[in-house]
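# An overview of the molecular structure
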Protein chains: 2
Amino acid sequence: MDADDIFKALSDPTRRKLLDLLFEKNGQSLGELCANLDMARQSATQHLGILEAANLVTSVRRGREKLHFINPVPIHEVYERWVRKFEVQRLSLLHDLKKELEGE
Amino acid sequence: MDADDIFKALSDPTRRKLLDLLFEKNGQSLGELCANLDMARQSATQHLGILEAANLVTSVRRGREKLHFINPVPIHEVYERWVRKFEVQRLSLLHDLKKELEGE
DNA sequence: AAGTCATGCAGGTATTTACCTGCATATTAA
DNA sequence: TTAATATGCAGGTAAATACCTGCATGACTT
């Protein structure tokens, strides 16, 4: 997994909105997604390309349409590497700070 | 929470390394962190500023040093909003794609 | 008080990013 | 086959980003 690509992809509100749109209805076409975005189609294409490069979205061509599907695997990997690790020590880390603020 | 700030902060390898360094040893000073980074101190300062703006790191001044602490709360919020949601439907989404690829 | 050490602030540059317009291609419909 | 529809590709620009250098400030040490 490339954490850089995944986090960069998630760091834009338009791309997170695209994921939310696909979450509501998976398999939407480019045009369908564009209708909800308030920007030129080409811009949306670019955003979807970034999501695909990060492997967060997979697309399939059907006739003249391109259908888009969420791939939840990279998000799971991000969770394993970046979230769970911090979750475990959540309380003890806060405890470190508290101690420091209290003057050792 | 500002998802934009949090994801942008996490989207840079230097900043993720800073979090890893703080995870290993919480409460390090700027100079201490710099020693592990291979870039000018000013650049590291900037990265730490971004982590602080995203509330992923909190700093405390002690004498002439600035000590840095991980704040795990925003990561937890990201998990709640962006990861858990996708985790739940992980299998069913894969199922959608499989069906589509098989031609409905 | 003078010197050293840790950090802050101002600004400058090259690259990346997020938009756009315009034109080309490929598929379905009439 | 002609028209309409859905998407792809080639650029172009303004803003954001990730670095840097140089100088200033503030805190311990002697």
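Located above this text is the structure these notes cover.
A short tour of the structure in this document, coming up. This is a predicted model, so every value here is computed, not measured.

## A word on the nonpolar core
Core analysis: the biggest nonpolar cluster contains 54 residues, and Leu51(A), Leu56(A), Leu51(B) and Leu56(B) have the highest contact counts within it. For Leu56(B), the residues in contact, after removing those within four places along its chain, are Ile6(B), Ala9(B), Leu10(B), Leu19(B), Leu51(B), Phe69(B), Ile70(B), Asn71(B), Pro74(B) and Ile75(B).

## Quick look at empty space enclosed by the protein
A probe matching the size of a water molecule, rolled over the atoms, marks out where space remains unfilled. Within this structure, the stated rule accounts for one cavity of 30 Å³ or more. If you add up the space inside the largest cavity, you get close to 90 Å³. Around the largest cavity, the lining residues are Phe7(A), Leu10(A), Ile75(A), Val78(A), Trp82(A), Val83(A), Phe7(B), Leu10(B), Ile75(B), Val78(B), Trp82(B) and Val83(B). Of all the secondary-structure elements, those providing two or more residues to the lining of the largest cavity are helix H1 (3-10) and helix H5 (73-88) of chain A together with helix H1 (3-10) and helix H5 (73-88) of chain B. The class makeup of the residues in the lining of the largest cavity is 12 nonpolar, no polar and no charged.

## Considering the sheet that holds strand E2 (residues 57-62) of chain B
All names here are of chain B. Strand order in the open sheet formed by three strands is E1-E3-E2, with antiparallel pairing between adjacent strands. With partners counted over all chains shown, the strands left at the sheet margins are strand E1 (28-29) and E2, one partner each. With two bridges connecting them, E1 and strand E3 (residues 65-70) associate as antiparallel partners. Bridge pairing links Ser29 to Leu67 in E3. Helix-sheet contacts for helix H2 (residues 13-24) involve E1, E2 and E3, and the interaxial angle to E3 is about 90°.

## As for the packing of H2(B) against helix H4 (residues 41-53) of chain B
Residues and elements named next belong to chain B. Viewed as axis vectors pointing N to C, H2 and H4 meet at an angle of 75°, and their least axial separation amounts to 10 Å. Considering their axes alone, H2 and H4 lie roughly perpendicular with respect to each other. Residue-level inspection shows Thr14, Arg15, Leu18 and Leu19 of H2 in contact with H4, the latter providing His47, Leu48, Ile50 and Leu51. Its residues assigned to classes, the contact of H2 with H4 comprises five nonpolar, two polar and one charged.

## Brief notes about the protein's contact with DNA strand D
Neighbouring DNA strand D are 23 residues, the closest being Gly31(A), Gln42(B), Ser43(B), His47(B) and Gly63(B). Within the contact set of DNA strand D, a phosphate oxygen lies 3.1 Å away from a backbone nitrogen or oxygen of Leu30(A). A distance of 3.3 Å separates a phosphate oxygen of DNA strand D from a polar backbone atom of Lys66(A). Breaking the surface near DNA strand D down by element, the ones donating at least two residues are helix H3 (30-34), helix H4 (41-53) and strand E3 (65-70) of chain A together with H2 and H4 of chain B. Among the elements that line the surface near DNA strand D, the one with the most residues is H4(B), at five residues. Within the surface near DNA strand D, the residues separate by chemical class into four nonpolar, 10 polar and nine charged.

## Quick notes on the packing of aromatic side chains
Considering all chains together, one arrives at three aromatic pairs over all chains under this definition. Ring geometry for Tyr79(A) against Tyr79(B): centres 4.9 Å apart, planes inclined by 25°, an arrangement best described as stacked. Of this pair, Tyr79(A) sits in helix H5 while Tyr79(B) sits in helix H5, each in a different chain. Among the residues examined, Tyr79(A) registers a relative accessible area of 15% and is labelled buried. A cation over an aromatic ring shows up here: Arg81(A) above the ring of Trp82(A), its NZ or CZ 4.0 Å from the ring centre.

## Quick word on the sheet that holds strand E2 (residues 57-62) of chain A
All names here are of chain A. Strands sit in the order E1-E3-E2 across an open sheet of three strands; the sheet is antiparallel. Edge strands, defined here as strands with exactly one partner in the open sheet, are strand E1 (28-29) and E2. Where helix H2 (residues 13-24) meets the sheet, its contacts fall on E1, E2 and E3, and the angle it forms with E3 comes to roughly 90°.

## Observations regarding unusual backbone geometry
Residues and elements named next belong to chain B. One non-glycine residue, Asp38, adopts positive backbone phi at about 60°. Its location among the elements puts Asp38 in the loop between helix H3 (30-34) and H4. Located in the positive-phi region is Asn55, a residue other than glycine, with phi close to 70°.

Rules used throughout
Residues numbered from 1 in each chain as written. Chains lettered and ligands numbered in written order. Predicted model: local features only at pLDDT ≥ 70, side-chain atom pairs only at ≥ 80, totals over all residues. Heavy atoms only, no water. Core = buried A, V, L, I, M, F, W, Y, C linked by side-chain atoms within 4.5 Å. Buried < 20%, exposed > 50% of the residue type's maximum accessible area, 1.4 Å probe, protein only. Contact = heavy atoms within 4.5 Å. 1 Å grid on protein atoms, 1.4 Å probe; cavity = no way out; pocket = protein on both sides within 12 Å on 5 of 7 lines; lining within 4 Å. Points joined across faces, edges and corners; volume = space filled by probe spheres on them. Helix = DSSP H or I, 4+ residues; strand = E, 2+ residues; numbered from the N terminus. Nonpolar A, V, L, I, M, F, W, Y, C, P; charged D, E, K, R; others polar. Pairing = 2+ DSSP bridges. Axes fitted to C-alpha atoms, helices over the stretch in contact; angles between N-to-C directions. Parallel < 35°, antiparallel > 145°, perpendicular 65-115°, else oblique. Near = heavy atom within 4 Å. Polar contact = N/O pair within 3.5 Å; in protein donor to acceptor, adjacent residues only side chain to side chain. Phe/Tyr/Trp six-rings, centres within 6.5 Å; stacked < 30°, edge-to-face > 60°. Lys NZ or Arg CZ within 6 Å of the ring centre and 35° of its normal.

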